[in-house]
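A structural walkthrough
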Amino acid sequence: MPERLQTAFQHCRDMEGTLNDQLIAYAAAGRDIFPAYSEAVDRLVARINENGGGDENAPRPGDPMPPYVLPDDRGRLVSLESLLARAR
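Right, let's talk about the pattern of salt bridges for a bit. One pass over the full model with this rule turns up 3 salt bridges. With its nearest N and O atoms 3.0 Å apart, the salt bridge here joins R13 to D14. Residue class for D14 comes out exposed when judged on its relative accessible area of 52%. Between D72 and R76 there is a salt bridge; the shortest N-O distance is 3.0 Å. Given the relative accessible area of 46%, R76 is considered partly exposed.

As structure tokens, this is what we get:
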């Protein structure tokens, strides 16, 4: 089953369309592959849309990423700026 979800993710990630279109397609694939998983994906899609994610605000391929801060694998906050500085 994990392989089927991975394949569905890769297909949805690579498809043409908006982020919202990709998320809807992935949620549908998840429902078919693992019905219990679909409720969690639907909640995630709803939260992204409620918080201004999706079509209008999502960067397009080739657009620069907006600044962000996310936790790393140890729970420390890491900014995009710090990652880019380390890559130079």
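Another point: the packing of helix α2 (residues 19-33) against helix α3 (residues 35-50). Relative orientation of the contacting elements α2 and α3 amounts to 165°, with a least axis distance of 7 Å. Classified by the interaxial angle, the pair formed by α2 and α3 is roughly antiparallel. Crossing angle aside, the handedness with which α2 passes α3 is left-handed. Facing α2, whose interface residues are N20, L23, Y26, A27, G30, R31 and I33, α3 presents P35, Y37, S38, V41, D42, V45, I48 and N49. Along the lines of polarity and charge, the residues of the contact of α2 with α3 split into 9 nonpolar, 4 polar and 2 charged.

Given two aromatic rings, one states the distance between the centres and the angle between the planes to describe the pair. Under the defined criterion, the tally for this structure stands at 1 aromatic pair. Between F9 and Y26, the ring centres sit 5.9 Å apart and the planes meet at 85°, which makes this aromatic pair edge-to-face. Linking F9 in helix α1 (residues 2-14) with Y26 in helix α2, this pair joins segments that are 17 residues apart in sequence.

About the thresholds
- Residues numbered from 1 in each chain as written.
- Predicted model: local features only at pLDDT ≥ 70, side-chain atom pairs only at ≥ 80, totals over all residues.
- Heavy atoms only, no water.
- Salt bridge = Lys/Arg side-chain N within 4 Å of Asp/Glu carboxyl O.
- Buried < 20%, exposed > 50% of the residue type's maximum accessible area, 1.4 Å probe, protein only.
- Axes fitted to C-alpha atoms, helices over the stretch in contact; angles between N-to-C directions.
- Helix = DSSP H or I, 4+ residues; strand = E, 2+ residues; numbered from the N terminus.
- Parallel < 35°, antiparallel > 145°, perpendicular 65-115°, else oblique.
- Left-handed = near helix turned anticlockwise from the far one by under 90°.
- Contact = heavy atoms within 4.5 Å.
- Nonpolar A, V, L, I, M, F, W, Y, C, P; charged D, E, K, R; others polar.
- Phe/Tyr/Trp six-rings, centres within 6.5 Å; stacked < 30°, edge-to-face > 60°.

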